[in-house]
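Single-letter residue listing:
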Number of protein chains: 2
Amino acid sequence: MKKLINAIENVVRDPLMGMAAAHPELKVSIDPHYIVRADAPIPGKVAVVSGGGSGHEPLHGGFVGVGMLDGACPGEVFTSPTPDQMYACGQAVNSGAGVLFLVKNYTGDVLSFETAAELLHFDGVPVQNILVDDDVAVKDSLYTAGRRGVGTTVIMEKIVGAAAEAGYDLDQCADLARKVNQYGRSMGVALTSCTVPAAGKPSFELGDDEMEIGIGIHGEPGQKRMPVVSADEIATMLANEILDDPPYTRTVHEWDRQAGEWVDRELTDAPFAAGDDVIALVNSMGGTPLSELYTIYAKLAQICQDRQINIVRNLVGPYITSLEMQGCSITLVKVDDEMLGFWDASVRTPALRWGM
Amino acid sequence: MKKLINAIENVVRDPLMGMAAAHPELKVSIDPHYIVRADAPIPGKVAVVSGGGSGHEPLHGGFVGVGMLDGACPGEVFTSPTPDQMYACGQAVNSGAGVLFLVKNYTGDVLSFETAAELLHFDGVPVQNILVDDDVAVKDSLYTAGRRGVGTTVIMEKIVGAAAEAGYDLDQCADLARKVNQYGRSMGVALTSCTVPAAGKPSFELGDDEMEIGIGIHGEPGQKRMPVVSADEIATMLANEILDDPPYTRTVHEWDRQAGEWVDRELTDAPFAAGDDVIALVNSMGGTPLSELYTIYAKLAQICQDRQINIVRNLVGPYITSLEMQGCSITLVKVDDEMLGFWDASVRTPALRWGM
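This one's a predicted model, so the numbers in the text were calculated from it and none came from an experiment.

## A closer look at the overall build of chain A
- Scanning chain A for helices and strands turns up eight helices and 16 strands.
- Relative to the compact-globule value of 21 Å for 356 residues, chain A shows a C-alpha radius of gyration of 19 Å, a close match.
- If one aligns the C-alpha atoms of chain A with their principal axes, the spans along those axes are about 55 × 50 × 40 Å.
- Looking at chain A as a whole, 64% of its 356 residues qualify as buried.
- Long-range pairs, those at least 24 residues apart, make up 71% of the contacts in chain A with a sequence separation of at least 6.
- In the form shown here, chain A has an accessible surface area of approximately 11700 Å², with 49% of it arising from carbon and sulfur atoms.

## Considerations on the confidence of the model for chain A
- Per-residue confidence for chain A averages 97 on the pLDDT scale, and 100% of its residues sit at or above 70.
- Both confidence scores are given for the complex: pTM 0.98, ipTM 0.98.

## Digging into the interface of chain A and chain B
- The interface is formed by 51 residues belonging to chain A together with 51 residues belonging to chain B.
- Connecting chain A to chain B are zero salt bridges.
- The tally of links between chain A and chain B comes to 22 residue pairs in polar contact (both at pLDDT 80 or more).
- If you list the elements that add at least two residues to the side of chain A that touches chain B, you get helix 1 (13–22), helix 6 (231–243), helix 7 (290–306), strand 14 (327–334) and strand 16 (353–354) of chain A.

## Some points on empty space enclosed by the protein
- Per the stated rule, a full pass over the model turns up six cavities of 30 Å³ or more.
- Taken as a whole, the largest cavity encloses approximately 210 Å³ of empty space.
- Along the walls of the largest cavity sit 22 residues, with Leu16(A), Met19(A), Glu57(A), Gly61(A) and Pro74(A) positioned nearest its centre.
- Of all the secondary-structure elements, those providing two or more residues to the lining of the largest cavity are helix 1, strand 3 (47–54) and strand 4 (71–77) of chain A together with helix 7 (290–306) of chain B.

## Focus on the state of the cysteines
- Tallied over the full model, the rule gives zero disulfides over all chains.
- Cys89(A) takes part in no disulfide bond, and the closest cysteine sulfur, belonging to Cys73(A), lies 3.8 Å away.
- Cys328(B) supplies the cysteine sulfur nearest to Cys194(B), a cysteine that is in no disulfide, at a spacing of 15 Å.
- Overall, the relative accessible area of 0% leaves Cys194(B) in the buried class.

## Quick notes on the packing of helix 2 (residues 83–93) of chain B against helix 3 (residues 107–122) of chain B
Residue and element names in this part refer to chain B.
- Where helix 2 contacts helix 3, the axes come no closer than 8 Å and their chain directions differ by 45°. If you check the angle between helix 2 and helix 3, you find them oblique. By crossing handedness, the relation of helix 2 to helix 3 is classed as right-handed. Across from Pro 83, Met 86, Tyr 87, Gly 90 and Gln 91 in helix 2, the residues of helix 3 making contact are Asp 109, Ser 112, Phe 113, Thr 115, Ala 116, Leu 119 and Leu 120.

## With respect to unusual backbone geometry
- Cis geometry marks the peptide bond from Leu59(A) to His60(A), where omega comes out at -10°.
- Mapped onto the secondary structure, His60(A) falls in the loop between strand 3 and strand 4.
- A cis amide bond, omega -5°, links Asp31(B) with the succeeding residue Pro32(B).
- Note on placement: Pro32(B) falls in the loop between strand 1 (26–30) and strand 2 (33–37).
- The phi dihedral of Gln308(A) is positive, around 60°, even though this residue is not glycine.
- The backbone phi angle of Leu323(A) is positive, close to 50°, even though this residue is not glycine.
- Within the element layout of this structure, Leu323(A) appears in the loop between strand 13 (310–317) and strand 14.

## Quick look at the side chain of Lys2(B)
- Tracing the backbone through its elements, the reader meets Lys2(B) in the segment before helix 1 (13–22).
- No salt bridge is formed by the buried Lys2(B). Its closest oppositely charged neighbour is Asp208(A), at 6.0 Å.
- A polar contact of 2.8 Å, which involves the side chain of Lys2(B), links it to the backbone oxygen of Glu210(A).

## Considering the packing of helix 5 (residues 170–183) of chain B against helix 8 (residues 337–344) of chain B
All names here are of chain B.
- As a packed pair, helix 5 and helix 8 sit with axes 11 Å apart at the nearest point and diverge in direction by 100°. The pairing of helix 5 with helix 8 is recorded here as roughly perpendicular in orientation. Between helix 5 and helix 8, the residues in contact are Leu 176, Lys 179, Val 180 and Tyr 183 and Glu 338, Met 339 and Phe 342, respectively.

## Points about the sheet that holds strand 5 (residues 99–104) of chain B
Residue and element names in this part refer to chain B.
- The strand order across the open sheet formed by six strands is 1-2-4-3-5-6, and the pairing between neighbours is mixed. With one partner strand each, in any of the chains shown, strand 1 and strand 6 (127–132) form the two edges of the open sheet. Going from strand to strand, the sheet's axes swing by 20° on average, the running direction of each strand aside.
- Where strand 3 (residues 47–54) meets strand 5, four bridges bridge the pair, whose relative direction is parallel. Its bridge partner being in strand 5, Ala 47 is matched across the sheet by Val 99.

Reading guide: rules and limits
Residues numbered from 1 in each chain as written. Chains lettered and ligands numbered in written order. Predicted model: local features only at pLDDT ≥ 70, side-chain atom pairs only at ≥ 80, totals over all residues. Heavy atoms only, no water. Helix = DSSP H or I, 4+ residues; strand = E, 2+ residues; numbered from the N terminus. Rg over C-alpha atoms; globule rule 2.2 N^0.38 Å. Buried < 20%, exposed > 50% of the residue type's maximum accessible area, 1.4 Å probe, protein only. Contact = heavy atoms within 4.5 Å. Areas by Shrake-Rupley, 256 points an atom, 1.4 Å probe, with all protein chains shown as cover. pLDDT = per-residue confidence, 0-100. Salt bridge = Lys/Arg side-chain N within 4 Å of Asp/Glu carboxyl O. Polar contact = N/O pair within 3.5 Å; in protein donor to acceptor, adjacent residues only side chain to side chain. 1 Å grid on protein atoms, 1.4 Å probe; cavity = no way out; pocket = protein on both sides within 12 Å on 5 of 7 lines; lining within 4 Å. Points joined across faces, edges and corners; volume = space filled by probe spheres on them. Disulfide = S-S within 2.5 Å. Axes fitted to C-alpha atoms, helices over the stretch in contact; angles between N-to-C directions. Parallel < 35°, antiparallel > 145°, perpendicular 65-115°, else oblique. Left-handed = near helix turned anticlockwise from the far one by under 90°. Lys, Arg positive; Asp, Glu negative; His and termini not counted. Pairing = 2+ DSSP bridges.

Here it is in structure tokens:
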């Protein structure tokens, strides 16, 4: 294992120290680990918070800033943060307008955010948790019941973050976040594995000419292993799985603020259809160069054009990664005018910035 | 070799097709290969153009746009573009106010840009070529007489691009570019090699616990190979080489527009000194995750603070890469008010964007 790290026990702390030094507009807490806007809490504004295992940078800490997240809670590498981190982060950013937790669907993350939501609720903080489960590759996986949460998270954090900045209240932000998740689908591929520092060896093994289609962002098994094929064939496989995905129904467990208890909601994602406007994300798993992502994008754009799916905005680069894994993922999120307006709104974070 | 590519002969063309699809504000020429602003030529504006071998993305094509480059010429992977590319690109962006070529110091690039400058001159286009040679690791290298051109190129393209946007004439832009180069120093490290698609095997070999200090962006040999040490030790080695670098004098070969001939100029870089304001770039060689870059940044910030070097702006991420190579480089550029103003000016390119 060769990495630019110091002691294994500090692989989460050390980058946080770097972020603190590089970004004075953020405030970094080391005990417990979280990152918040230095100007939080913002009076009257819903606080949008996410978090999850480290190793997926810039997600989530790189998306803290004006127009996106108020706070992010990094766990150990590929490990859920703890409820006390989320609770402390929520307290640090709550202005009274409430806290919205955006939660990728991994069992540890879901349970920890539920505990944190209850703790905040008992402090009198309005709180809501929204699930992201957009990975069409597999249903039920290592660490996950149902679909995994991946690239749609980035789009959700941008759109809902902008809505909160614009004055949406907690229910409006939660409704919008649910819509983004219902409109978003993703799938990825790995050409190589990655090495968790504390493990010291690759998370899984792939042969010299093998790839794994439908990989998870922690290296969880996907749909199949097969010989590496061309970029165009890979883009076609991923895009077709996403675009042909049928309506997907799942039951989500959300906090009912009035009743002070958990309720089950059934949500169904409508499939993509000709005429849809979408935001397209072609994402690096970490170790894949930009030139290869644009090669994938070229084919994706052609496939979408052939199906009359209009890519109205795009993002190409490393946004939700798996350490140094080589590979990529594609995310498509259907957008309406409300969502597109918030996508285009100004944002200033370490990893996503425009308009300011 | 596992990569997201199609035919080997199209590894430069295919990403260009993706850029064309993703960025309608750019215009991509496939024969010969170049990328220009779709709104070029801009009346009255000096056109800033760079180029070099592919494999370093987002450099240079990702920096074409408002407030930065007017055009970029990508060669084959790790291979200089040809004079006809540069000539065609220069013609496409010239408004009459002239063309400034920013040239990384590799023998092939230097000679090709010189030929292109002469061709444009004989067409009556005012043209100037400025060298970037900022790598303190070694003097004379594979592909290079003198110091190699690396990370300072990114800073130069931003600052000089903003100056051209603001109305600087060709001589003013050239003077500013020379100053950025004289104020900038860089050095890098590789933990792994990279594989040029046409070669199909790693450019060089590093042992399982080895790193190469002072690596070039094409894998050219650096100062030494040694066992991998901690991120703090690596950051310290790179930062000290940069900050302790003595005055460096070289002779540059520049076009004299009035005389229509080449002249030699002797230029000396002053060393860094306590009290300097600098822009710091911590750059990924391509395959190194953001968390590791921030680990390096944390130590760099501490070293600079201890030496009373003030990091007034920073950039952390993959900006001048070497395919999927793991490793990083540090660039420090001393800045004055003129340079800082242009750094902060609005920019909108695929890879660098703020203020718009």
